[in-house]
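What follows is the residue order along each chain.
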Amino acid sequence: MLADSAVSSSGTQNTGHGNHKEDSPFLNSSDAASKKNDFYDRNLALFEEELDIRPKVSSLLSRLVNYTNITQGAKEHEEEESAEASRRKTPKSPNMGTLMGVYLPCLQNIFGVILFLRLTWIVGMAGIVQSLLIVLMCCSCTMLTAISMSAIATNGVVPAGGAYFMISRSLGPEFGGAVGLCFYLGTTFASAMYILGAIEIFLKYLVPQAAIFHDTEPHRSDSAMLNNMRVYGSLCLSLMAVVVFVGVKYVNKLASLFLACVIISIVAIYAGAIKSVTHPPEFPICMLGNRTLVRDRFDVCAKTIIKGNITAPSQLWDKFCLPGNMSSAHCDDYFIQNNVTEIQGIPGLGSGIIRDNMWGNYLEKGELLEKAGLQSVNAHGALENFGMYVSADIATSFTLLVGIFFPSATGIMAGSNRSGDLKDAQKSIPVGTILAITTTSLVYFSSVVLFGSCIEGVVLRDKFGDAVKKNLVVGTLAWPSPWVIVIGSFFSTVGAGLQSLTGAPRLLQAIAKDNIIPFLRVFGHGKTNGEPTWALLLTGLIAELGILIASLDMVAPILSMFFLMCYLFVNLACAVQTLLRTPNWRPRFKYYHWALSFLGMSMCLALMFISSWYYAIVAMGIAGMIYKYIEYQGAEKEWGDGIRGLSLSAARYALLRLEAGPPHTKNWRPQLLVLLKLDEDLHVKYPRLLTFASQLKAGKGLTIVGSVIHGNFLDSYGEMQAAEQAIKNMMEIERVKGFCQVVVAYKVREGIVHLIQSCGLGGMKHNTVVMGWPYGWRQSEDPRAWKTFINTVRCTTAAQLALMVPKNVSFYPSNHERFTDGNIDVWWIVHDGGMLMLLPFLLKQHKVWRKCKMRIFTVAQMDDNSIQMKKDLATFLYQLRIEAEVEVVEMHDSDISAYTYERTLMMEQRSQMLRQMRLSSAERQREAQLVKDRHSLVRMGSLYSDEEEEIVEAPPEKLQMTWTREKCEAERRNKNNAPENFRELISLKPDQSNVRRMHTAVKLNEVIVNRSHDARLVLLNMPGPPRNTDGDENYMEFLEVLTEGLERVLLVRGGGREVITIYS
């Protein structure tokens, strides 16, 4: 295993084949020279035979020191995949500290477009108190997730891959793939959101003249704006994709510039807020009554202006009235009846405006922005003047604002994504991430309070700054100029978009290279230097979908869902590992607790449904479908994940509960131990036994498939593993869900006894044995085949287990066949716990047998009342809720026929003849030696032929075939005795008990064949073997006679307990 999973000396890695590099990154068993030195180390001679799989401690430590986990960037990929690279170059050692490696990247990823474009609007709509609650919820969620993430990230070396790597290795490939793709989709939609933010800044505040589409109706500018966003967004996405394709190094070089833009913008906001205490910026707002007017539509905030000595109508008058006419008869009613006033847009920190902004003021779509304190006469205004007022573009609510704000708290994975570049990742990731979240949370909290304390409420609720001459609202507070914020936020959003567009394809490539989702394999390939070209193309297409939505407020909740899903599973991973106390769970970060992880998980789930319940259901549906797809179709992986530990813990708990006592009759179902026979090539001889087991079980309950290999365990271990794999393959083909157990034993009979005794665990033990019929036992002179069979029957009876023997199993239907009609006939001769009733009912659950009808026959003797028996049986079946036809067959007393007598005589003569046919000792030894030589390579026994009769193997040199005088005389005596033996056989009289048994078998067989010759399946009671072992061979003959002429027979023996009940 170590050789498979280690990183080879040529630099290539075994990725995507189950054993990943993290399984054993330090062990390299491919160095021939070091192996040689290891083997011939004189001081380690005692261990020399195992040094290939258990290396010296010195070798381990030297590899451990040399092991590095640096992120493979363009340069390393180029070296690795280049055909000319003859040897791997030593990668540059990681040297980034907490500040540069974690803290600043996290700051850059967390601060983003929402802070500059939407936070003032959120404060205006929700009020300071509810805005603080929104920030607290989102930041608490990310802080708790960061604590869980820190615990996982410090539990060993985390290669680059961030959340996907942590979740997949903690919760398994199914969860990892589902959440990894959710994280990928979240990052992709984040790039779309950042691009939309950048375009919004560009078209609204930087170059409004660049708009291509213009609406003819001024109050319906939404559709034109959305179309502009789509066109410019698509162009911007194409440009960014080209930049990322050409080279990521340019993006990384510009990262510090983008971060500087963010920091300068935030500092400018704080500087402006402090300055507003004494010198608030001049941004007057024009109000008509208590309604806010769009300020860039007119010059002077007054109804009339004085030109010289003449009072003339202003531009505002001309907007509401007929141009050039001072008569109020042609004016808007609301305009005439209300005064025009001008108020300060930024009253400043000392103005006390905080009282007005404390509580929420949610608006419906199209509702006008009104200031509560201003006097207003409510009059009907003309619809054509609607565009003069500032109005709400979407309906707002607390839940909507949560979904829009949450993306500004994401980005906490930036540090863990760079773990390969860090000097001490296990120290830097927790400290840097938690510090970054603390910093950003403080900025958000203080920003909410500052915005609410400095800016007028109607301005806060004005999303696009229409009331302040189309200025960015947050920019009006900034010092020294609004342009600092506009330009800074533009570059920061462009930078964040580039970072997302760079990270998302790499994440998809990592998932594709893990080979857990087959249809994503193509995205694992890229350019020769490893750049994920195909993944970038898919990312661009998905991001384009986000851009076609064109609304920042619509895209933000979508990516909130995907990030919340990701964070939920990070918390779950930490909680599961902590509660299970898995041996490998030893994080260096100690300040975590399972309760905090559960709280974080609950908050993530709550936030998902708070922000948008329908998006939450869609996101969970996508994750669920991916999970089931990987479970059904994906490549098998063993990553030592926590879900396996959780399964073990749950299994242990359930097994201990089952141990409390035997199952109630209502819960009894056949838990099968299927005994299989393998041929010399380790192929299953009768695969229809497995087919029958799968039809009987239909995926429910326990199925153990067992087989015995004849030989010595030390020599036959490889054979045993091969046999186990062959059985598992056949189980998969026949859709048998269960376990496989192969044992090696000197005697197959003993191996079967071991299986019957020891298979299963606790309450999950088998209660029913299924084995095949020993075909050809009559033709074989070797009695061991049927002796093993009868011994197994006796063992199951002694262990109080039920037994099923499908005879003529080759004629049983496959899983693909369907019986459209026909009967399943049950011949209930003796009561054996109700197994005969239960088995056809279980078989009819399967599609193969579903259309068959069930018939129950029982046998009445001369002194039985057959009519009453039939009524009683029908009532019994009615109470059992089993639908079946009932027939009572009367067995009349009759004389034993000549046929029965003859059949018994033939049986006994055959037994006697076989006992008398004994080879001489020398011939027997010679034959045994020949057989042993012929099959020395195949140490394969079978279930029904065994070396039960101890064969004394004489040394070859003693096997002399010289004819001595004694031997000649012995041979002559044997020849003389032959006629005597023959006369004995002729004069043999059959035993009366055998005659009686044969009579029963013949009579029953006549009746069964007469009634059930065309049945799809016949079930009947299997008689027990005789107590005296001398009659074993006769027992086999009785069973043959009993089942003669029937195509498919299932012989059934109960386990000595009731398995069916009439009670609910």
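Rules used in this analysis
Residues numbered from 1 in each chain as written. Predicted model: local features only at pLDDT ≥ 70, side-chain atom pairs only at ≥ 80, totals over all residues. Heavy atoms only, no water. UniProt positions renumbered as here; feature names shortened; annotations may be inferred. Pairing = 2+ DSSP bridges. Helix = DSSP H or I, 4+ residues; strand = E, 2+ residues; numbered from the N terminus. Axes fitted to C-alpha atoms, helices over the stretch in contact; angles between N-to-C directions. Contact = heavy atoms within 4.5 Å. Buried < 20%, exposed > 50% of the residue type's maximum accessible area, 1.4 Å probe, protein only. Parallel < 35°, antiparallel > 145°, perpendicular 65-115°, else oblique. Left-handed = near helix turned anticlockwise from the far one by under 90°. Nonpolar A, V, L, I, M, F, W, Y, C, P; charged D, E, K, R; others polar. Expected span 1.5 Å × (residues − 1). Arc of directions from axis to C-beta.

An unreviewed UniProt entry lists the protein under the name Solute carrier family 12 member 4, with Pundamilia nyererei given as the organism. In the Sequence similarities (unreviewed entry) part of its UniProt record, the protein is described as follows: "Belongs to the SLC12A transporter family. K/Cl co-transporter subfamily." In its Subcellular location (unreviewed entry) section, UniProt records this for the protein: "Cell membrane".

(A) Structural context of the sheet that holds strand β9 (residues 768–771). The ten strands are arranged β8-β7-β6-β9-β10-β15-β14-β11-β12-β13 in an open sheet whose pairing can be described as mixed. Either end of the sheet is taken by a strand with one partner, and the two such strands are β8 (739–745) and β13 (885–890). Adjacent strand axes in the sheet meet at a mean angle of 20°, parallel and antiparallel pairs treated alike. Both strand β12 (residues 853–860) and β13 contribute to a ladder of six bridges, which runs parallel. From the neighbouring strand, I856 faces β13, where its bridge partner is V886. Lying over the sheet, helix α25 (residues 688–697) contacts β6 (672–675), β7 (703–710), β9, β10 (802–807) and β15 (1049–1053), oriented at roughly 170° with respect to β6.

(B) Broad picture of the environment of D333. With respect to the secondary-structure elements, D333 resides in helix α13 (residues 333–337). Exposure remark for D333: the relative accessible area of 43% places this residue in the partly exposed category. When the C-alpha atoms of D333 and G381 are compared, they prove to be 5.7 Å apart, with 48 residues separating the residues in sequence. When near neighbours in sequence (up to four residues on either side) are disregarded, D333 contacts A379 and H380.

(C) Representation of the packing of helix α21 (residues 552–580) against helix α23 (residues 613–633) within the structure. Packing of α21 against α23 brings their axes to within 10 Å, and their N-to-C directions diverge by 45°. When the axes of α21 and α23 are compared, the pair comes out oblique. Regarding α21 and α23, the two cross each other, and that crossing is right-handed. Residues M554, P557, I558, M561, F562 and M565 of α21 lie in contact with α23, whose contacting residues are Y615, A616, A619, M620, I622 and A623. When grouped by side-chain class, the residues that make up the contact of α21 with α23 number twelve nonpolar, no polar and no charged.

(D) Highlighting the pairing of β9. Across the two faces of β9 the burial is the same, with T768 and V770 and V769 and M771 all buried. Two elements, β6 and β9, share four bridges in a ladder whose sense is parallel. Each bridged residue has a counterpart across the sheet, and for L675 the counterpart in β9 is M771. Of the strand pairs in this sheet, β9 and β10 are connected by three bridges, and their pairing is parallel. If you follow V770 over to β10, its bridge partner there is M804.

(E) Seen up close, helix α22 (residues 594–611). The first and last C-alpha atoms of α22 sit 26 Å apart over 18 residues, in line with the 26 Å expected at 1.5 Å per residue. Of the residues making up α22, those classed as buried are S597, G600, M601, M603, C604, L607, M608 and S611. One side of α22 holds all its buried residues, which, seen down the axis, span an arc of 160°. The inward-facing, buried residues of α22 abut α7 (119–153), α14 (398–405), α21 and α23.

(F) How the structure looks around the sheet that holds strand β2 (residues 291–292). Overall, antiparallel pairing links the three strands, which are arranged β2-β1-β5 in an open sheet. Bordering the open sheet on either side are β2 and β5 (340–344), each of which pairs with just one other strand. Where strand β1 (residues 284–288) lies against β2, two bridges are found, and the strand directions are antiparallel. The residue bridging M287 from the neighbouring strand is T292, located in β2.

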